[in-house]
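Structural description and commentary
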There are 4 protein chains.
Amino acid sequence: MVRIKTEVREQVMGQTRQALLNAAAEEFSSQGYDQANINAISIKAGFAKGTVYNYFPSKQALLKALIDSIAQEHLEYLRSAILSEDDPALRLERFFQDGFEYVARHTQRARVMFNTVNSSNQAQKGYCFRAYQPMFQLVAGQILLPGMQQGLFRLTEPEQTAILIMTIYLGTASQVDEQGRPWLNPENVADFVLHALRTVKETRSLGERR
Amino acid sequence: MVRIKTEVREQVMGQTRQALLNAAAEEFSSQGYDQANINAISIKAGFAKGTVYNYFPSKQALLKALIDSIAQEHLEYLRSAILSEDDPALRLERFFQDGFEYVARHTQRARVMFNTVNSSNQAQKGYCFRAYQPMFQLVAGQILLPGMQQGLFRLTEPEQTAILIMTIYLGTASQVDEQGRPWLNPENVADFVLHALRTVKETRSLGERR
Amino acid sequence: MVRIKTEVREQVMGQTRQALLNAAAEEFSSQGYDQANINAISIKAGFAKGTVYNYFPSKQALLKALIDSIAQEHLEYLRSAILSEDDPALRLERFFQDGFEYVARHTQRARVMFNTVNSSNQAQKGYCFRAYQPMFQLVAGQILLPGMQQGLFRLTEPEQTAILIMTIYLGTASQVDEQGRPWLNPENVADFVLHALRTVKETRSLGERR
Amino acid sequence: MVRIKTEVREQVMGQTRQALLNAAAEEFSSQGYDQANINAISIKAGFAKGTVYNYFPSKQALLKALIDSIAQEHLEYLRSAILSEDDPALRLERFFQDGFEYVARHTQRARVMFNTVNSSNQAQKGYCFRAYQPMFQLVAGQILLPGMQQGLFRLTEPEQTAILIMTIYLGTASQVDEQGRPWLNPENVADFVLHALRTVKETRSLGERR
DNA sequence: TATGAATGAGAGTTCATTCAT
DNA sequence: AATGAATGAACTCTCATTCAT
């Protein structure tokens, strides 16, 4: 009995929490953190103002929880996409392809992330970067390193190049027009990056082999 | 007499206006637009709160005026740097080299620009983009087009590629550590972009084959 | 059966009620009424927030019940102490001696009472005074009146003097330093009051001995 | 010109500040600190809510400023009253007489002081005690010490006795009925304290003379 | 009987903006 | 032109109280 009750309650609480996080994503993405209104979030979630504070101790904490949630989802989305390919070049294409797709499918959450990563609030920016650390490692460890080891990519500092690629991803994926359509398409971006990474030798040899 | 007086007045007003813009750059860069405090700006400039409103009708207008000022200075800085070279590849290197240098020398103003370009406030973001339009054209018209015409760069959509390069510039130049030092250095970034743009033929050192 | 069940229930309810009153004493004494937190009280008592409202209809009512409990205990404590002596002077000494002792032993409850008696909330203050009415009567009827009748004390308005003595008791007993130790000791206070009350005759009797 | 302007402004600011302090005294005295409403204070003073914060950084700071103001006025009132007499006994009478008078004339301010001295907020209580330190010294140094030196008062610890007398003053002067009239009158209280302090010899000698 | 999620009035505080001097 | 006192909307956060389970 008690067990069931507890389970039901936890499920309800989970739903409420999720509803609040979704509403927060909507508000933060459209208004930015400073202009976001806690009252508006609670209303969007279908609850009263005070309910937000039953789940998150402060506006800050709400943002952090949201960032955690986004980073985890975003990472999982890209990890499975990348690891579905074996070839590093294809993995890179997948990274941009599915990366843009993630942004298109989770526009609000992605915008929150972009805003936070570029925030002038150093604490927030730092928190977001830390949450995204695994993705940097994913790019460096699962795309660049194998690519270099297989002679497909030029030899560069994997960490530095990972930062560069992440910067390009975050930069290009976040620039959208008024209707929310990205200015650049993922194929072009991936192509650009592939050209930048490929080894001259490999390119040439491919041609010469034939 | 009246003429002279007027000139003196205009000069004084110009100084005051500039002092306010500088103070605004300091405040906006460290606090972000929303957290920036008009009173703090006036104090930093050595004036009283009300004086700000003698020069700018609102906080918004102050930001826009500052963005205009920054964009103009930034553009002039890069235009003269680029045009000092003839070779498109060298111009691209200059673009990143002097672009990073501008950020290093005018950290606060650059930060204001980065913050505004990435703002979640669409009006501000749009205004900033419009102010930077000439720089997109500079990259497309003075670097990419000549490069392609001379066969140095692969054939791509100049506008799209200019957006990409600007994105990379804005992204890489704005990422700095706690001490304000950029995570990436301009040489590496320029190198990366050059690799992405060069024609395979040229890279392969056509000469070597023979 | 029903009878027994009812008894058990009443006992359990009595324990819960007492636990809540104790927790309330702890919270009210340290935070004051306005700053006291119902949730904190329930947690200190080992129950949930809602339980408080199963026993007391409101925060106000909880305070009043606590004041009643304290006043009753406090009165009983002092009544038995006083009545254990026959001599009015000794009773007065006992009053301060055991009064201070009560405060030392029931610090939290005593503090609640002091706070409430001195509250700026007239309703609370009045309620507390009414609850303490019997103690005023105890002082007037069991100490001052007998003392005057026996010629030990000067003739004064017993009610007025009782107020004065109660004021001195409440004032001196409530002033404690950071460690909770009273600034004044009961002997000195009792001595002071005895000097104030004694008849000149009695004093003079020293001289008559000669 | 500038001088005059500045003087006028300072005078106006002083008036505003005083109006706010008076309104604060009204509100704090009737509602207590926690229940006092900053908005109500500003309205009572004839200003908008925000104006309070142009003069006092917080509600706490407003209370402290008020306490300082009260303590200074109260001390000055009693110091001049006491020092107008030479005889320690008359000074003591004056102390209670004029002390009660001060309370009657500045009811609100006095109530704020009583509330704060008895506050359950230790920081506030401590601040108030510190502000009243000079009055303890006044009683000890200008009444008790001379009285003992002249053989009028029994030999006791002046500091301890000063605390006792201050406690009696604060306790008796603060107890008023619904109409604001004190329960005790200053003559009786002074008489009580004088009886407690007087030397036996003096008392006896009066009787023996006859 | 006990629970604790939900509520929403309320309060302190901030600050862009106005305007009389 | 410069000032800064005054304004009041807006916002975050608190918490006593309710009530379905």
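I will try to describe carefully the structure that is included in this document. (Residues numbered from 1 in each chain as written. Chains lettered and ligands numbered in written order. Predicted model: local features only at pLDDT ≥ 70, side-chain atom pairs only at ≥ 80, totals over all residues. Heavy atoms only, no water.)

Things to note about the nonpolar core
- Counting residues in each nonpolar core, the largest one holds 132 residues, and the members touching the most others are A:F28, A:F95, A:F96, B:F28, B:F95 and B:F96.
- Non-local contacts of B:F28, meaning those with residues more than four positions away in its chain, are made with B:Y33, B:A36, B:I41, B:K59, B:L62, B:L63, B:L66, B:V112 and B:N115.
- Ranked by size, the runner-up nonpolar core spans 130 residues in total, among them C:F28, D:A23, D:M113 and D:F192. (Core = buried A, V, L, I, M, F, W, Y, C linked by side-chain atoms within 4.5 Å. Buried < 20%, exposed > 50% of the residue type's maximum accessible area, 1.4 Å probe, protein only. Contact = heavy atoms within 4.5 Å.)

Some thoughts on the relation of the copies chain B and chain A
- Between the two copies, chain B and chain A, the superposition gives an RMSD of 0.1 Å; the rotation angle is 179° and the shift along the axis is 0.0 Å. Within this description, the copies of the chain are treated as partners about a two-fold rotation axis. For chain B, the residue whose C-alpha comes nearest the rotation axis is B:A196, separated from it by 1.9 Å.
- Counting the interface residues of chain B, we find that 97% of their copies in chain A are interface residues as well, pointing to one common contact surface. (Least-squares fit on C-alpha atoms with pLDDT ≥ 70 in both.)

Regarding the side chain of D:T116
- With respect to the helices and strands, D:T116 occurs in helix α6 (residues 107–117).
- Those residues within four positions of D:T116 in sequence are excluded, and the remaining contacts are D:L63, D:I67, D:Q124, D:K125 and D:C128. (Helix = DSSP H or I, 4+ residues; strand = E, 2+ residues; numbered from the N terminus.)

Overview of the protein's contact with DNA strand E
- Of all residues adjacent to DNA strand E, which total 33 residues, the nearest are A:A48, A:K49, A:Y55, C:T51 and D:Y53.
- For DNA strand E, the backbone portion of the atoms within 4 Å of the protein, that is sugar and phosphate, comes to 71%.
- B:A36 is positioned such that a nitrogen or oxygen atom in its backbone is 2.9 Å from a phosphate oxygen of DNA strand E.
- Side-chain polar atom of C:K49 to a base nitrogen of DNA strand E: 3.5 Å apart, as the coordinates give it. (Near = heavy atom within 4 Å. Polar contact = N/O pair within 3.5 Å; in protein donor to acceptor, adjacent residues only side chain to side chain.)

A few points about the environment of D:R111
Residues and elements named next belong to chain D.
- Among the structural elements, R111 can be located in helix α6.
- Looking at R111, the relative accessible area reads 27%, which means it is partly exposed.
- Through-space distance from the C-alpha of R111 to that of S30 is 8.2 Å; in sequence the pair is 81 residues apart.

Things to note about the interface of chain D and chain C
- Across the boundary between the two partners, chain D contributes 37 residues, which contact 40 residues of chain C.
- Carbon and sulfur atoms make up 59% of the area that chain D and chain C hide from each other, which totals about 3600 Å².
- Between the two partners, chain D and chain C, sit two salt bridges.
- A salt bridge links D:R154 to C:D191; the shortest N-O distance between them is 3.4 Å.
- Only α1 (2–35), α6, α7 (122–149), α8 (158–174), α9 (186–197) and α10 (200–209) of chain D provide two or more residues apiece to the side of chain D that touches chain C.
- The biggest single contributor to the side of chain D that touches chain C is α8(D), with nine residues.
- Per-class residue counts for the side of chain D that touches chain C are 12 nonpolar, 18 polar and seven charged. (Buried area = accessible area lost by both parts, 1.4 Å probe. Salt bridge = Lys/Arg side-chain N within 4 Å of Asp/Glu carboxyl O. Nonpolar A, V, L, I, M, F, W, Y, C, P; charged D, E, K, R; others polar.)

Examining the relation of the copies chain D and chain C
- Structural alignment of chain D on chain C gives an RMSD of 0.1 Å, achieved by rotating through 179° and translating 0.0 Å along the axis.
- Of the interface residues in chain D, 100% have counterparts in chain C that sit at the interface too, so the contact is made through matching surfaces.

What about helix α7 (residues 122–149) of chain B?
All names here are of chain B.
- The largest bend in α7 comes to about 45°, at Y132, with the proline P134 one to four residues further on.
- At the N-terminal end of α7, a side-chain oxygen is found 2.9 Å from the backbone nitrogen of A123, two or three residues along, and the residue is N121.
- Where α7 ends, the next residue or the one after it, G151, has phi of about 75°, a positive value. (Bend = angle between axes of the 7 residues up to and from the residue.)

A look at the arrangement of the chains
- Chain B shows no contact with chain C. Their nearest C-alpha atoms sit 31 Å apart.
- The smallest C-alpha distance separating chain A from chain D is 21 Å, and no contact links them.

A word on the interface of chain B and chain A
- The partner chain A presents 37 residues to the 38 residues of chain B that form the contact.
- Buried area between chain B and chain A, both sides added, is near 3500 Å², and the carbon and sulfur share of it is 59%.
- Taken as a group, B:L164, B:W183 and B:F192 account for 18% of the area that chain B buries against chain A, more than any other trio of residues on that side.
- Every element with two or more residues in the side of chain B that touches chain A is listed here: α1 (2–35), α6 (107–117), α7, α8 (158–174), α9 (186–197) and α10 (200–203) of chain B.
- In terms of residues, the side of chain B that touches chain A owes the most to one element, α8(B), which gives nine residues.
- In terms of residue class, the side of chain B that touches chain A is made up of 12 nonpolar, 18 polar and eight charged.

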